[in-house]
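Okay, here's what each chain looks like letter by letter:
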Amino acid sequence: MVQRTEKSCNFAADFTKIIIMKKHNFYAGPSILPEYTKQKVAEAVLDFAGTGLSVMEVSHRGKEFVAVMDEAIALVKELLRVPDGYSVLFLQGGASLQFLMAPYNLFRTKVAYLNTGSWASKAMKEAKFFGEVIEVASSKDRNYNYLPKDYAVPTDVDYLHITTNNTIFGTELKSDPQVSVPIVADMSSDILSRPVDVKKYDLIYAGAQKNLGPSGATVVIVRDEALGKTGRQIPTMLDYQTHIKGESMFNTPATLPVFGCLQTLKWLKEQGGVEAIEKVNITKADTLYGELDRNKLFTPTVPAAEDRSRMNVTFVMAPGYEALEKEFLDFATAQGMVGLKGHRSVGGFRASLYNALPLQSVEALVSVMREFESKH
Ligand SMILES: *Cc1c(COP(=O)(O)O)cnc(C)c1O
């Protein structure tokens, strides 16, 4: 027994060493989390809420974990100012399962989708199982490097589906669209990065692993009144009403990921909430785009400033400097930058600047870019 305690203590000490080795983490997802989240998860993996057991070892129906779930749901409501009449759920299956669950629960006669990238296309593909899907606009003609503006949404659709942040292509709809139909939004990669007017939405969903916590949990915010109107039989696990009734505990939830999400939510509240973090996010994005526009070696892939994502900054080597791509990646890697390689469908680089990424990491990247420029 004594032996075991010593071992776990040593392990905790080693773990602390690992997390203080400074890396600048620009991964797109799973991605950087606040130190606070990692520390609290590390503690609860060994001893959760004074139970003497790991958070991975206790019943999800025990009072300690029920309190975690309740607080996580309450904090999502508080931070995003979710109005009455909406339910917040923590489900599994990622945003990809929501591509299917959304139409299963909300598609009655026809729906509209804005095609701004591969995630949007994948969402649209699932909706087509249920009937007519109108693609109101697409930016595929230029490899999704802009956001379509002048499109009309038919007034008789059940909803307009949007992807607020296009993680792969680096564009972001930074304000709620002005439309007369309910909106359904995939906010996987920018949820909680800015305020959102939830009442415009019938459904918001997000995989946790970009801005919230470890992979394995999916946040869903759904307007209760929008449900139960399709007339279709919905398989139990795919029915939002199952999970609303079950308070996200119809079956075993992803206990450790939900615990992680709760820590990030607490951290975000401590930072001043979404309004405060939005200011920091704007500063971070302006800092990096400013350098990209100035530095002769690099070009952002999204030309229009208003379309550029604050969360995922995509860029390539400027014309004439293409051959330096690998050298820059190696140069940045040697200085502690990780996750900068761009998605294969865009190439070049992608720096993800999620909520938890400190401004110092952006400044470090900018100085690496300047240093690289001075060598060429
Ligand atoms: C990452 C991502 C997804 C896919 O999420 P999973 O949780 O892996 O299913 C969907 N949409 C967007 C916008 C994403 O960034």
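Remember, predicted model here, so these are calculated numbers, not experimental data. (Residues numbered from 1 in each chain as written. Predicted model: local features only at pLDDT ≥ 70, side-chain atom pairs only at ≥ 80, totals over all residues. Heavy atoms only, no water.)

### Some words on the packing of aromatic side chains
Next, step 1: Within the structure shown, the criterion is met by 14 aromatic pairs.
Next, step 2: Taking the centre distance of 5.7 Å and the plane angle of 90 degrees together, the rings of F48 and F259 count as edge-to-face. In this pair, F48 is assigned in the loop between α2 (35-46) and α3 (63-79) and F259 in helix α7 (residues 255-271), connecting sequence segments 211 residues apart. The pair F48 / F259 is uniform in exposure class, with both members buried.
Next, step 3: When the centroid spacing of 5.4 Å and the interplanar angle of 40 degrees are considered together, the rings of F331 and F372 count as tilted. Placement of F331 in helix α9 (residues 325-334) and of F372 in helix α10 (residues 359-374) is noted, with a sequence separation of 41 residues between them. The same class applies to F331 and to F372, which are both buried. (Phe/Tyr/Trp six-rings, centres within 6.5 Å; stacked < 30°, edge-to-face > 60°. Helix = DSSP H or I, 4+ residues; strand = E, 2+ residues; numbered from the N terminus. Buried < 20%, exposed > 50% of the residue type's maximum accessible area, 1.4 Å probe, protein only.)

### Observations concerning the pattern of salt bridges
Next, step 1: In the structure shown here, the tally under the stated rule is 20 salt bridges.
Next, step 2: Of the charged contacts, one joins K38 and E35 as a salt bridge, the two residues approaching to 3.2 Å between their closest N and O atoms. Residue K38 and its partner E35 are both found in helix α2; the two are separated by three residues, about one turn of the helix.
Next, step 3: Here E306 ties to K149 by a salt bridge, and the two come within 3.8 Å at their closest N and O atoms. Residue E306 is found in the loop between β11 (298-300) and β12 (312-317), and its partner K149 is found in the loop between β4 (132-138) and β5 (160-163); the two are separated by 157 residues along the sequence.
Next, step 4: Given the relative accessible area of 52%, E306 is considered exposed.
Next, step 5: Among the residues examined, K149 registers a relative accessible area of 48% and is labelled partly exposed. (Salt bridge = Lys/Arg side-chain N within 4 Å of Asp/Glu carboxyl O.)

### Remarks on the sheet that holds β5
Next, step 1: With respect to topology, seven strands assemble into an open sheet ordered β2-β10-β9-β8-β5-β3-β4, the strand pairing being mixed. In the strand order of this sheet, the two ends are held by β2 (86-91) and β4, each with one partner. Taking the axes of each pair of neighbouring strands and ignoring which way they run, one obtains an average angle of 15 degrees across the sheet.
Next, step 2: Strand contacts of α3: β2 and β10 (218-223), with the helix running at about 130 degrees to β2, the strand carrying the most contacts.
Next, step 3: In the packing of helix α4 (residues 94-106) onto the sheet, contacts are made with β2, β3 (110-115), β8 (183-186), β9 (201-207) and β10, and the angle to β9 comes to roughly 160 degrees. (Pairing = 2+ DSSP bridges. Axes fitted to C-alpha atoms, helices over the stretch in contact; angles between N-to-C directions. Contact = heavy atoms within 4.5 Å.)

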